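Geometric and topological summary
Chain by chain, the residues run as shown.
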Amino acid sequence: MALFARTPLAPLEYSRTLWMRAWVGLVMLFLYAPLIVLMIFSFNDSKRNVVWRGFTTKYYEKALGNDVLVEALVNSLTIAALATIASLILGAVAAVMLWRFRFPLKGAVDGTISLPIIVPEICMGVAFLIFFAKWLEWPTDLIWPFNLGAIIIAHITFCFPFVTMVVRSRLASFNREQEEAAKDLGAGEWGVFRDVLIPHMKPALVAGALLSFTLSLDDFVITYFTSGPDTITFPVKVYSMVRFSVTPEVNAASTLLILLTIVLTAVALKLQGVKAIAETH
Amino acid sequence: MTDAPKKPIIQIQNVTKRFGRVAAVDNVSLDILAGEFFVLLGPSGCGKTTLLRMIAGFELPTEGTILIDGQDMAGIPPNKRPVNMVFQSYAVFPHMSVADNVAYGLKIAGVKGGEVRDRVAEALDLVKLGGFEDRMPDQMSGGQRQRVALARSLIMRPKVLLLDEPLSALDAKLRAQMQFELAELQDQVGITFVTVTHDQDEALSMASRIAVINKGEVSQLAGPSDLYEYPANRFVADFVGSVNIFEGKLTLDEPDRAAVDCPGLGKVYLNHGVTGPHGADVWVALRPEKIYLHVPGEGKAVRAAAQDAPDGHNFARGCIKGMSYLGDITLYDILLESGARLRVSRPNLSRHDQEDFTWDDKVSMHWRADSPVVLLG
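Reading the values: rules and limits
- Residues numbered from 1 in each chain as written.
- Chains lettered and ligands numbered in written order.
- Predicted model: local features only at pLDDT ≥ 70, side-chain atom pairs only at ≥ 80, totals over all residues.
- Helix = DSSP H or I, 4+ residues; strand = E, 2+ residues; numbered from the N terminus.
- Buried ≥ 20, exposed ≤ 12 C-beta atoms within 10 Å, placed from the backbone.
- Contact = placed C-beta atoms within 7 Å.
- Pairing = 2+ DSSP bridges.
- pLDDT = per-residue confidence, 0-100.
- Nonpolar A, V, L, I, M, F, W, Y, C, P; charged D, E, K, R; others polar.
- Core = buried A, V, L, I, M, F, W, Y, C linked by C-beta atoms within 7 Å.
- Axes fitted to C-alpha atoms, helices over the stretch in contact; angles between N-to-C directions.
- Parallel < 35°, antiparallel > 145°, perpendicular 65-115°, else oblique.
- Left-handed = near helix turned anticlockwise from the far one by under 90°.
- Expected span 1.5 Å × (residues − 1).
- Bend = angle between axes of the 7 residues up to and from the residue.

Remarks on the overall build of chain B
When helices and strands are tallied, chain B shows nine helices and 20 strands. Across its three principal axes, chain B shows a C-alpha extent of roughly 75 × 50 × 40 Å. Buried positions account for 38% of the 377 residues belonging to chain B. Counting only contacts in chain B whose residues sit at least 6 apart along the sequence, the fraction spanning at least 24 positions is 63%.

What to know about the overall build of chain A
The secondary structure content of chain A amounts to 13 helices and zero strands. For chain A, the N- to C-terminal ordering of α and β elements is α-α-α-α-α-α-α-α-α-α-α-α-α. Based on the C-alpha atoms only, the size of chain A along its principal axes is roughly 70 × 70 × 30 Å. Residue burial in chain A is summarised as follows: out of 281 residues, 31% are buried.

Overview of the sheet that holds strand β1 (residues 8-19) of chain B
Residues and elements named next belong to chain B. Taking strand neighbours across the sheet as the criterion, the four strands line up as β2-β1-β4-β5 in an open arrangement whose pairing is antiparallel. Looking at strand neighbours, the two that pair on one side only are β2 (22-33) and β5 (71-72), the edges of this open sheet. Of the strand pairs in this sheet, β1 and strand β4 (residues 63-68) are connected by five bridges, and their pairing is antiparallel. Within β4, the residue paired with Ile12 across the bridge is Ile66.

Digging into unusual backbone geometry
For residues that are not glycine, phi is negative in most cases, and the peptide bond is trans in most cases. Residue and element names in this part refer to chain B. Its identity is not glycine, yet Tyr90 carries a phi of approximately 70°, on the positive side. Following the sequence through the fold, Tyr90 ends up in the loop between β6 (83-86) and α2 (98-108). Although it is not a glycine, Asn314 adopts a positive phi angle of roughly 50°. Positionally, Asn314 belongs in the loop between α9 (300-306) and β16 (315-325). Overall, the presence of 28 C-beta atoms within 10 Å leaves Asn314 in the buried class.

Concerning the confidence of the model for chain A
Confidence in the prediction for chain A averages 87 pLDDT; 94% of positions are at 70 or higher. Mean pLDDT per element in chain A: helix α13 (residues 274-279) of chain A is the minimum at 52, and helix α8 (residues 176-184) of chain A is the maximum at 95.

Quick word on α8 of chain A
Summarising burial for α8 of chain A: seven of the nine residues are buried, a large majority. Within the span of α8 of chain A, buried status applies to Gln178, Glu179, Glu180, Ala181, Ala182, Lys183 and Asp184 of chain A. Check the buried side of α8 of chain A and you find it contacts α9 (189-217) of chain A together with α1 (48-56) and β6 of chain B. Downstream of α8 of chain A by one or two residues, Gly186 of chain A has phi in the positive range, about 115°.

What to know about the interface of chain B and chain A
On the side of chain A, 14 residues touch chain B, which itself brings 17 residues to the contact. Listed by contribution, the elements that provide at least two residues to the side of chain B that touches chain A are β6 and α2 of chain B. Broken down by element, the residue count for the side of chain B that touches chain A peaks at three residues, all from α2 of chain B. Residue composition of the side of chain B that touches chain A, grouped by class: 11 nonpolar, five polar and one charged.

Quick word on the nonpolar core
Across soluble globular proteins, nonpolar side chains show a tendency to be buried alongside one another. Counting 142 residues, the largest nonpolar core has Ile55, Val102, Leu162 and Val284 of chain B as its most contacted members. Counting residues per element, this core draws most heavily on helix α7 (residues 149-171) of chain A, at 12 residues. Non-local contacts of Val102 of chain B, meaning those with residues more than four positions away in its chain, are made with Val120, Ala123, Leu124, Val148, Ala151, Arg152 and Ile155 of chain B. Within the second largest apolar cluster, 10 residues are counted, among which are Phe234, Val238, Val250 and Ala253 of chain A.

A few points about the confidence of the model for chain B
Averaged over every residue, the pLDDT of chain B is 91; residues scoring 70 or more account for 96%. For this predicted complex, the interface score ipTM comes out at 0.84, while the overall pTM is 0.81.

A look at the pairing of β4 of chain B
Residue and element names in this part refer to chain B. When β4 meets β5, the two strands line up antiparallel, connected through two bridges. Looking at the pairing, Ile68 lines up with Gln71 of β5. A loop of two residues connects β4 with β5, the two strands running antiparallel in sequence, and Asp69 in this loop sits at a positive phi of about 55°.

Focus on the packing of α7 of chain A against α9 of chain A
Residues and elements named next belong to chain A. Packing of α7 against α9 brings their axes to within 9 Å, and their N-to-C directions diverge by 155°. Overall, the two elements α7 and α9 adopt an arrangement that is roughly antiparallel. For the element pair α7 and α9, the recorded crossing hand is right-handed. Only Met201, Pro203, Ala204, Leu205, Ala207, Gly208, Leu211, Ser212, Leu215 and Ser216 of α9 make contact with α7, whose side of the interface consists of His155, Phe158, Cys159, Phe162, Val163, Val166, Val167, Arg170 and Leu171. Residues belonging to the contact of α7 with α9 are distributed by class as follows: 14 nonpolar, four polar and one charged.

So, the sheet that holds strand β7 (residues 160-164) of chain B
All names here are of chain B. Taken together, the six strands give an open sheet; going across it, the order is β6-β7-β8-β3-β9-β10, and neighbouring strands pair in mixed fashion. Edge positions in the sheet fall to β6 and β10 (217-222), since each of these pairs with one other strand and no more. Taken pair by pair, the neighbouring strands of this sheet meet at an average axis angle of 20°, ignoring direction. Looking at chain direction, β7 and strand β8 (residues 192-197) are connected through five bridges and run parallel. Bridging from a neighbouring strand, Leu163 pairs with Thr195 of β8.

Brief notes about α7 of chain A
Residues and elements named next belong to chain A. The end-to-end C-alpha distance of α7 is 31 Å, a good match for the 33 Å that 23 residues give at a rise of 1.5 Å each. In α7, a bend of some 30° at Thr157 exceeds every other bend along the element, and Pro161, a proline, comes one to four places later. Of all the 23 residues making up α7, 17 are buried; the element is thus mostly covered by neighbouring parts of the structure.

Points about the pairing of strand β14 (residues 281-286) of chain B
Residues and elements named next belong to chain B. Taken together, the six bridges between strand β11 (residues 244-254) and β14 define a ladder with antiparallel strand orientation. The residue bridging Asn244 from the neighbouring strand is Leu286, located in β14. Both β14 and strand β20 (residues 373-375) contribute to a ladder of three bridges, which runs antiparallel. When the bridges of β20 are listed, Trp283 appears paired with Leu375.

Here we look at the environment of Leu185 of chain B
Along the chain, Leu185 of chain B falls in helix α5 (residues 172-189). Taking the C-alpha atoms as reference points, Leu185 of chain B and Ser153 of chain B, 32 residues apart in sequence, are found 13 Å from one another.

Details of the environment of Ser173 of chain A
Take Ser173 of chain A: it is sitting in the loop between α7 and α8. Judged by local crowding, Ser173 of chain A falls into the exposed class, with 10 C-beta atoms found within 10 Å.

Right under this line is the structure:
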């Protein structure tokens, strides 16, 4: 029995104590049990989806055959991808600017840049609604993907502060002598940025991109207020489906999204090495 | 070393650097000659690193001019200067392989692939890292990373190589080895090296000339043995090596002899003049290894043989109050009859030499007339 260790415990070896293992197990259960139940019930052969009535994959076919649901998913992925790219560039530039330069009102900029993280989402949502509909009179009848413009802009607003935060904490560990070494060997400002600073920021950029993508993908409140009458995103669509009943179709669609997120995360971790990402947090 | 007059490669002329109201470098003028191993030596915060960074272009002088190979460096950024620097943290790029690190400067200069590869191999051989091309920096020891930094700078064939505390992060054994290797490397490539250090052993063993910096000013500029044997002032005498310093009055000063009366040490006789005003307050510096230690009475014969001072001069009595055995030498802390303390070191020429003296032994000491140094400041 590994649980009851034969070799004596080392002073800080809590991970081998029974109560610690039980605690970790409980945490895992609370975190993942709902997700696992959701995945299991996506294979449930029952329309009401309350009790298990046997295995089927027909709700996957149904979900993938649901044109509105697929359109919503494609919309969501498009929004997330574009918002991530823009947030990454904006966020990284803001982080470098705040880290590197001194300029008037720096403190004020520093403070307000993370405001979108703090402001309640519902307020942001209402603000965006007024901003786009009343103030800008943003057209709602544009063709795809331009009809997503307002949502993308709104998503960038709350995603890029996260990128800035992660990149800044990474920059704090930068050894300025590396920058000087590159200059000493002939590099100009752009060369230093490309050859030394960006490679140093890379793990934070990957982490920031992951954060932005997932934040954008599952955002409901702000999207709900910003989307026009004819644009629909995945979370908004799921919400409208759930209003009638939680069918296995919703479960199936959610399971696909979870799998997609897991694959993306795995790819990012593989790209960067788990260690490098862990270092930035 | 050839005796042909060398031309200065770096000319520092009346350079001052102020940070706020503090002058880190205060009106320094010195010439660094082509092909020499020049060391800037001083305690931390004395301004030596600031001086080095001004040569590299990372700091700009508040006043004064720096010329490299005759060209005024004002307004020329670090990436356009014909010098390269090895940083204290080595600053090896962690995301690049050794070969990419070393090739970095050449690639920026637009050198083509084939030549880059040849020169990288050559530079790595020079620092004894041949075959390490594909290693990543995190797979290497500190000493190896330093060699990468060296190769990365040397490959640029700079007119001057600047080294900021190159040995401070290495352990004692490796440091001693690198001292030799750096000197050898400098000899091999013929590039002028300018090194900053706070370690006097390092400076003495590597340098062809040393500038001792104190509070932003050059205290003395001399070769290693001149610096050690003929320090110009109390700061240099004390900072370079260990020394006993006693206050005294100049009682005799003629071209071929001088005498100083020190309340602490007794009558000190020198076999050369010191050109100081008669009766002036001076200091006498005496190195611990230049003092002979013997048992009172027994040392008479020894003294007679080595004695070159009039009777009653260059002689002291005392009692051993402390000793530390360092293997090759033993250090003694001696309480003189005057109440002053004197540090004496004695080589352990035989295996049992350290047993000759012990705590509370009464001892006599004498030194040769050319050993003491009289300091006016």
